[in-house]
Amino acid sequence: MGAMTKVSSDIIIIGGGIAGISAAAELARDANVIVLEAEAQLGYHATGRSAAIYIRNYGNAVLRAINAASEPTLTNPEGICDHSLLSPRGELLIASEAELPSLEAYAAGATGLDRLTGAEAARMVPILRPELISAAIYEGSAQSIDVDLMLQGYARLLKSRGGRVITKARVTDIKRTGGEWTVVAGAETYIAPTIVNAGGAWADQIAALAGAGQMQLQPMRRSAAILALGPEHDVSRWPLFGSVSETWYAKPDAGKLMVSPADQDPVAPHDAWPDDIVLAEGLDRYEQAVTVPVTRIQHSWAGLRTFAPDKSPVVGYAPDLEGFFWLAGQGGYGVQTAPALSQTAAALIAGGVQILAPDILAAIAPDRFYQTQTRS
Ligand SMILES: Cc1cc2nc3c(=O)[nH]c(=O)nc-3n(C[C@H](O)[C@H](O)[C@H](O)COP(=O)(O)OP(=O)(O)OC[C@H]3O[C@@H](n4cnc5c(N)ncnc54)[C@H](O)[C@@H]3O)c2cc1C
């Protein structure tokens, strides 16, 4: 009487954001998978707060390779959704005279960019001030992602493969005994030989519970606000546009504009909200670049983008703990990289064809930081 039940599976995934749910769906093809999510709904934290854009050239060289490896699944998400998760948008990056080195840094190694004059940029987004633009680049292949459809599609695929999602299940204790992990969440205990740490901003805390090393992950707050423009502005065909040095950006969103200060303030993991001053300063930077004053903020929010020190994701088994797999540090790229990283995680855990090249796998392996730690 009253004895706690123990739920057994092959793999426990901690975290029900896009990382955990996509990896769970991939792994459920061959294994019995349980996802434990602290919140009442999936995608409540970073995943539900993103700008929902796929940008092939966003991020360092490692990310650019992972972005490209994700594109086939985003375009043809077989089993996840019956049509593409992407829709045309484009990205326009503008540079002042002082930002020209940032523009060249972005263009280096990038593919599919067109160079534009200030006048051409302002023809694309008529509220831009051409006199402030020294040069611009346009990435026509950047596309909007239907993030909710993607998350729910992966969740459906997971369930159709027999996987389970348990919400309101905050993991509070993780122990390894007799070749198995025992994970406590709420009143339940879960047992499996393998756990996947897809805890987003909380991934280092989850590792600490398990006694694994730390990845020096840093959550960074990023805010956004929805602004209504007057009826004379049809934003529907505008690309995402912003400064090439990432000091603000704006994206059409259901007839309005989502504007972000592109803030990246280091914070502890928490349920994020925008800092009023940071938001006001960012909206001011946007306002200086356009001809329309900021008057109507309809809604604002913030989320956490969580980075490893070298800004590349952390994907692979912990070198110091058997059966502890990292799927973290997706930074500002976690939605667009989820297809490739979930397939990579499944191949590393369950075997199968690896889609990333060996040098990219090495660049995201957790041991790159453990080595740093032992040398110091
Ligand atoms: C403003 C903003 C704009 C962005 N724009 C883009 C974009 O355009 N394109 C793009 O690709 N990416 C973008 N990103 C980044 C992207 O949102 C993230 O990289 C991605 O959502 C990370 O997914 P995740 O599953 O790792 O994290 P999360 O979605 O945060 O999921 C982690 C989950 O783990 C759960 N968890 C934590 N601790 C525990 C525990 N102890 N027990 C159980 N569960 C736990 C949390 O509740 C959470 O649900 C943006 C982010 C922000 C904030």
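Overview of the structure. One numbering rule holds for all chains: residues counted from 1, following each sequence as written. Reporting in this predicted model follows two pLDDT cut-offs: at least 70 for local features of residues, and 80 or more for side-chain atom pairs to be given and counted; totals over whole chains, interfaces and linings ignore these cut-offs and use all residues. Hydrogens are left out, water is left out, and the side-chain values use all remaining heavy atoms of the structure.

## Overview of the side chain of Glu99
Here's step 1: Secondary structure elements follow DSSP: runs of H or I of four or more residues count as helices, runs of E of two or more count as strands, with numbering from the N terminus. Relative to the elements of secondary structure, Glu99 occurs in the loop between β6 (91-95) and α3 (100-107).
Here's step 2: Buried residues are those whose accessible area, probed at 1.4 Å on protein chains only, stays under 20% of the maximum for their type, while exposed residues exceed 50% and partly exposed ones sit between those limits. The convention is simple: Lys and Arg are positive, Asp and Glu are negative, and His and the chain ends are not counted. When a carboxyl oxygen of Asp or Glu is within 4 Å of a side-chain nitrogen of Lys or Arg, the pair counts as a salt bridge. The buried charged residue Glu99 lacks any salt bridge, with Arg285 as its nearest oppositely charged partner at 8.6 Å.
Here's step 3: Residue contacts follow a heavy-atom distance rule, with two residues in contact if any of their heavy atoms lie within 4.5 Å. The contacts of Glu99, once residues within four sequence positions are left out, are Ile94, Ser243, Val244, Ser245 and Thr247.

## Let's talk about the sheet that holds strand β1 (residues 6-8)
Strands belonging to one sheet form pairs held by backbone hydrogen bonds; the direction of such a pair is parallel or antiparallel.
Here's step 1: Pairing between strands is defined by DSSP: at least two bridges between the two strands are required. Ordered by their spatial adjacency, four strands build an open sheet running β1-β13-β12-β11, and the pairing between neighbours is mixed. Two strands close off the open sheet at either side, each with one partner strand: β1 and β11 (171-177). Along the sheet, successive strands turn relative to each other by an average axial angle of 25°, direction set aside.
Here's step 2: The sheet contact formed by strand β12 (residues 180-185) and strand β13 (residues 188-192) spans five bridges and is antiparallel. Across the sheet, the residue bridging to Val183 is Tyr190, located in β13.
Here's step 3: Axes, fitted as lines to C-alpha atoms, cover a helix only where it is in contact. Angles between the N-to-C directions of the axes lie from 0 to 180 degrees. Packed onto the sheet, helix α6 (residues 203-210) meets β11 and β12 and runs at close to 45° relative to β11.

## What about the nonpolar core?
Here's step 1: Take the buried Ala, Val, Leu, Ile, Met, Phe, Trp, Tyr and Cys residues and link them wherever side-chain atoms come within 4.5 Å; each set so joined is a nonpolar core. If you look at the biggest cluster of nonpolar residues, it comprises 47 residues, and the most contacted ones within it are Ile13, Met150 and Leu327.
Here's step 2: Listing elements by their share of this core, those giving two or more residues are β2 (11-14), α1 (18-27), β3 (33-36), α2 (61-75), α5 (147-160), β22 (324-328), α8 (338-350) and α9 (358-364).

## Overview of the sheet that holds strand β5 (residues 86-88)
Here's step 1: What the three strands build is an open sheet, ordered β4-β9-β5; its pairing is antiparallel. Every other strand in the sheet has two partners, leaving β4 (53-54) and β5 as the edge strands with one partner each.
Here's step 2: The pairing of β5 with strand β9 (residues 143-145) spans three bridges and is antiparallel. By the bridge assignment, Leu86 is partnered in β9 with Ile145.

## Things to note about the site of the ligand
Here's step 1: Near residues are defined by distance, with any heavy atom within 4 Å of the molecule or strand qualifying the residue. Around the ligand, a shell composed of 38 residues is seen, among which Glu37, Thr47, Val171, Gly331 and Gln336 lie nearest.
Here's step 2: Here an oxygen atom of the ligand sits 3.2 Å away from a polar atom, N or O, in the main chain of Ile18.
Here's step 3: Measuring from a nitrogen atom of the ligand, one finds a backbone N or O atom of Ala38 at 3.1 Å.
Here's step 4: Methods summary: accessible areas were calculated by the Shrake-Rupley approach with a probe of 1.4 Å, and residue burial reflects only the protein chains presented. Compared with its free state, where it exposes 1000 Å², the ligand has 96% of that area covered by protein.
Here's step 5: Secondary structure elements with two or more residues in the shell around the ligand: α1 and β20 (297-307).
Here's step 6: Here the element with the most residues in the shell around the ligand is β20; it accounts for three residues.
Here's step 7: Per-class residue counts for the shell around the ligand are 18 nonpolar, 14 polar and six charged. As used in this structure description, the phrase polar contact means that two N or O atoms lie within 3.5 Å; if the pair is within protein, one of them must be able to donate a hydrogen and the other to accept it, and residues adjacent in sequence are counted only when both atoms belong to side chains. Classes in brief: Ala, Val, Leu, Ile, Met, Phe, Trp, Tyr, Cys and Pro nonpolar; Asp, Glu, Lys and Arg charged; the others, Gly included, polar.

## Observations concerning α3
Here's step 1: Of all the positions in α3, only Leu103, Tyr106 and Ala107 are classed as buried. One side of α3 carries all its buried residues, which in axial view fall inside an arc of 95°. Looking at α3, the residues exposed on the side facing more than 90 degrees away from the buried face are Pro101 and Ala105.
Here's step 2: Here the buried face of α3 lies against α2, β6, β7 (113-116) and β8 (135-139).
Here's step 3: Of the residues flanking the end of α3, it is Gly109, one or two places downstream, whose phi is positive at about 80°. Directions pointing from the helix axis toward each C-beta atom define the arc.

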